[in-house]
Amino acid sequence: MTLYTAPNTIDIEPIVRAVGVHKSFGDKHILTGVDLEVARGEVVVLVGPSGAGKTTFLRTLNRLEAIDAGEIAVRGERIGQRTNQRGRLVERSVRELAQQRAEIGFVFQHFNLFPNMTVLENIWHAPVHVKREPKATAVAYANELLARVGLAEKADVRPRSLSGGQQQRVAIARALAMRPALMLFDEPTSALDPEMVGEVLAVMRDLAAAGMTMIVVSHEMGFTREVADRVIVMDGGRIIESGYPDQVFTAPQHERTRQFLSKVL
Amino acid sequence: MAFDWTYFWQSLLTPSPQFLNGLALTVVISVVAMALALVVGLLIALMGRSRFLPLRIFASLYIWVIRGTPLLVQLVIIYTGFAAAGLFRFEDVDLFGALIKGAVQAAIVGLMLNESAYISEIVRSGLESVDRGQNEAALSLGMTPLGAMRRIIVPQAIRVMVPPLGNSFNGLMKSTSILSIIGVAEMFQIGSTMSASTFKVFEIYIVVALYYLLLTTVWTLAQTGIENMLNAQAGLPRAEPVLKRLFGLRSRRAAAVAAPVLQPVDAA
């Protein structure tokens with residue numbers, strides 16, 4: 001058993017398609033026109049200076065942030081919005097949006113595990129209560145996932161008794177339990193002590209190798225170089241450069257990219 | 001000092017049926033008013049978080065007016081004032097064979113309204129005490145906002161809300177003593193009737209005080225049990241022991257665990 005089994009079909013459409021995405025908080029223009037297409041199975045890492053809009057952009061992909069302009073489609077469907085009979089763009093119902101989000105795994109910087117549940121319950125809760133899977137099936141799968149992230153013996157403890165790295169591995173298992181079509185990672189190792197970073201990256205590496213589509217906001221340049229199919233550099237709310245990691249890291253085209261890389265490499 | 005010990009012990013240990021009826025009425029009114037206030041308080045708190053401005057305005061006005069006026073005045077307006085103005089009169093009703101006096105209904109309504117304003121603030125700060133990331137995690141797993149509230153936020157908020165809600169109920173039980181002003185025959189009213197006919201004023205009111213103390217002590221025991229149950233569910237250490245709680249010998253560590261910090265609601 002692996003963390004993920006990629007479907008045995010070919011997608012014509014990109015799995016994620018963002019066109020001209022704008023987002024402001026008050027008078028702060030955070031995203032100033034982001035375009036991005038991600039193919040299935042691709043591992044894309046978003047890098048860039050803080051305040052560049054990486055996290056905000058990632059959060060718009062499952063509509064944890066609503067966008068002001070542009071469009072975002074996941075698997076060909078607009079996320080959180082649809083056109084009505086008269087062709088006008090309207091909000092989807094909360095239920096429809098919830099169903100769309102259920103297909104998109106999200107891993108948070110601060111894990112956000114449910115502290116009142118055991119580790120195992122954290123993982124099977126949503127499959128049972130959201131997808132209505134039989135509990136026995138969901139628990140069995142939760143146990144498998146927990147074993148795959150190397151925490152089988154922690155099933156019955158509370159998240160707060162785990163280290164940060166362990167919590168993040170549980171959070172990844174929790175997201176995978178919904179059998180998502182793609183996974184979004186928002187700085188998954190930034191809140192961790194340095195010695196815990198490796199164990200989380202190892203799980204993400206396995207997942208990438210299994211063919212999961214992943215969009216990752218990260219400052220881990222070693223990981224990016226090794227795992228990413230494509231690096232996207234963001235600055236000032238837009239994408240300024242993208243390409244193979246080696247290409248971007250060794251021969252950056254953009255002056256801002258050079259400045260950024262000189263600080264982090 | 002003339003203290004009639006015989007009369008005191010007699011009233012304390014073998015209270016008259018009348019007195020026991022008053023005690024029972026005190027308990028019933030408190031419990032019913034609290035139960036209704038929990039429902040109304042939750043509704044007001046949800047209104048306060050609504051997307052619709054009129055509901056939010058209503059919730060703030062409600063809290064402002066109710067918390068800004070004395071319970072005593074509210075009770076008199078509801079019972080006596082409304083009747084005098086010909087707006088509404090609480091009539092005695094027969095509920096499953098039990099006669100519910102108009103004054104008792106007015107008392108329950110008044111206490112419920114008053115308490116619900118305070119409860120809505122406890123609920124609000126309880127919900128706000130749950131980290132925003134919890135809601136986002138729930139949404140990202142495909143829960144609807146309502147589902148996230150019900151399955152993730154509320155279960156965590158309840159543990160935070162129980163200590164202040166319990167204290168609120170304690171206060172409510174003591175507040176019932178002012179119901180005598182609208183003629184409800186609760187424990188205090190019975191006590192004052194007895195003192196008027198026997199002139200054993202000191203003895204009677206000491207007995208009354210001891211019975212209130214009994215009620216609040218029993219409730220503190222129950223509340224500690226509830227908190228321990230919730231803490232056990234959440235995998236947290238036990239709440240502080242009842243003896244410490246009753247006699248004010250709180251250890252700093254235990255207090256921090258038992259009562260997670262809430263923003264002072266009155267400062268809002």
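This text follows the structure it describes.
Computed from a prediction, not measured in an experiment: that's the story for all the values here.

(A) Focus on the overall build of chain A. Looking only at helices and strands, chain A features nine helices and 12 strands. Relative to the compact-globule value of 18 Å for 265 residues, chain A shows a C-alpha radius of gyration of 18 Å, a close match. Seen along its three principal axes, the alpha-carbon backbone of chain A occupies a region of about 50 × 50 × 40 Å. Out of the 265 residues in chain A, the part that is buried amounts to 54%. Taking the intrachain contacts of chain A between residues at least 6 apart in sequence as the baseline, contacts between residues at least 24 apart amount to 65%. If you sum the accessible surface of chain A, you get close to 11,700 Å²; carbon and sulfur atoms cover 48% of it.

(B) A look at the overall build of chain B. The number of helices and strands found in chain B is 11 helices and two strands. Along chain B, helices (α) and strands (β) appear in the sequence α-α-α-α-β-β-α-α-α-α-α-α-α when read from the amino end. Taken over the C-alpha atoms alone, chain B extends approximately 70 × 50 × 40 Å along its principal axes. Of all 268 residues assigned to chain B, the portion counted as buried reaches 44%. Carbon and sulfur atoms provide 70% of the accessible area of chain B, an area that totals close to 14,200 Å². Averaging the locations of the 19 positively and 14 negatively charged side chains of chain B gives two centres separated by 10 Å.

(C) Quick look at the interface of chain A and chain B. Contact with chain A, which involves 26 residues of that partner, is made by 22 residues of chain B. Of the roughly 1,900 Å² buried between chain A and chain B, counting both surfaces, carbon and sulfur atoms make up 59%. Looking at the side of chain A facing chain B, the largest losses of area belong to R101(A), F114(A) and N116(A), adding up to 24% of the total buried there. At the junction of chain A and chain B, the tally comes to one salt bridge. Here R59(A) ties to E136(B) by a salt bridge, and the two come within 2.7 Å at their closest N and O atoms. Taken together, the connections running from chain A to chain B amount to four residue pairs in polar contact (both at pLDDT 80 or more). Put simply, the parts of the chain that give the side of chain A that touches chain B at least two residues each are α2 (94–102), β8 (104–107), α3 (119–129) and α5 (164–176) of chain A. Within the side of chain A that touches chain B, the residues separate by chemical class into 15 nonpolar, five polar and six charged.

(D) Structural context of the nonpolar core. F57(A) and I215(A) are the most contacted members of the largest nonpolar core, which has 90 residues in total. Of all the elements, helix α5 (residues 102–128) of chain B adds the most residues to this core, at 11 residues. Residues V47(A), F111(A), L145(A) and V203(A) belong to the second largest nonpolar core, which totals 53 residues.

(E) Spotlight on the side chain of K23(A). Residue and element names in this part refer to chain A. Its location among the elements puts K23 in strand β1 (residues 16–25). A polar contact of 2.8 Å, which involves the side chain of K23, links it to the backbone oxygen of A66. Sequence-distant contacts of K23, defined by excluding residues within four places in its chain, comprise K28, H29, I30, L31, T56, E65, A66, I67 and D68.

(F) Structural context of unusual backbone geometry. Residue and element names in this part refer to chain A. You will see that F111, though not glycine, has its phi angle at about 65°, which is positive. Within the secondary structure, F111 is located in the loop between β8 and α3. For F111, a relative accessible area of 11% gives the class buried.

(G) A nonpolar patch on the surface, seen in detail. Residues and elements named next belong to chain B. A contiguous nonpolar patch, built from L72, V73, V76, I77, F82, L87, F88 and I181 and spanning about 700 Å² of accessible area, is present on the exposed surface. Take I77: it is sitting in helix α4 (residues 71–84). We classify I77 as partly exposed; its relative accessible area is 44%.

(H) Fine view of the packing of α3(A) against α5(A). Residue and element names in this part refer to chain A. Packing of α3 against α5 brings their axes to within 8 Å, and their N-to-C directions diverge by 25°. When the axes of α3 and α5 are compared, the pair comes out roughly parallel. For the pair α3 and α5, the sense of crossing is right-handed. Only V170, A173 and R174 of α5 make contact with α3, whose side of the interface consists of V119, N122 and I123.

(I) Local environment of the sheet that holds strand β12 (residues 238–243) of chain A. Residues and elements named next belong to chain A. Pairing within the open sheet is mixed, and its six strands lie in the order β8-β9-β10-β3-β11-β12. The outermost strands of the open sheet, each flanked by one partner alone, are β8 and β12. Taken over all neighbouring pairs, the strand axes of this sheet differ in orientation by 20° on average, direction set aside. In terms of strand pairing, strand β11 (residues 230–235) meets β12 through five bridges, oriented antiparallel. Bridge assignment links M234 to a residue of β12, and that residue is I239. Here helix α9 (residues 255–264) sits on the sheet in contact with β3 (43–47), β11 and β12, set at roughly 75° to β12.

(J) The pattern of salt bridges, seen in detail. In total, this model carries 19 salt bridges over all chains according to the counting rule given. When the shortest N-O distance is used, the salt bridge between E65(A) and R59(A) registers 3.0 Å. Per residue, the accessibility class of E65(A) equals that of R59(A), and both read buried. A cluster of three or more residues bridged by salt bridges with shared partners is formed by R59(A), E65(A), R132(B) and E136(B).

Calculation criteria
- Residues numbered from 1 in each chain as written.
- Chains lettered and ligands numbered in written order.
- Predicted model: local features only at pLDDT ≥ 70, side-chain atom pairs only at ≥ 80, totals over all residues.
- Heavy atoms only, no water.
- Helix = DSSP H or I, 4+ residues; strand = E, 2+ residues; numbered from the N terminus.
- Rg over C-alpha atoms; globule rule 2.2 N^0.38 Å.
- Buried < 20%, exposed > 50% of the residue type's maximum accessible area, 1.4 Å probe, protein only.
- Contact = heavy atoms within 4.5 Å.
- Areas by Shrake-Rupley, 256 points an atom, 1.4 Å probe, with all protein chains shown as cover.
- Lys, Arg positive; Asp, Glu negative; His and termini not counted.
- Charge placed at Lys NZ, Arg CZ, Asp CG, Glu CD.
- Buried area = accessible area lost by both parts, 1.4 Å probe.
- Salt bridge = Lys/Arg side-chain N within 4 Å of Asp/Glu carboxyl O.
- Polar contact = N/O pair within 3.5 Å; in protein donor to acceptor, adjacent residues only side chain to side chain.
- Nonpolar A, V, L, I, M, F, W, Y, C, P; charged D, E, K, R; others polar.
- Core = buried A, V, L, I, M, F, W, Y, C linked by side-chain atoms within 4.5 Å.
- Patch = residues over 30% accessible without salt bridge, like charges linked within 9 Å, V, L, I, M, F, W, Y side chains within 5 Å.
- Axes fitted to C-alpha atoms, helices over the stretch in contact; angles between N-to-C directions.
- Parallel < 35°, antiparallel > 145°, perpendicular 65-115°, else oblique.
- Left-handed = near helix turned anticlockwise from the far one by under 90°.
- Pairing = 2+ DSSP bridges.

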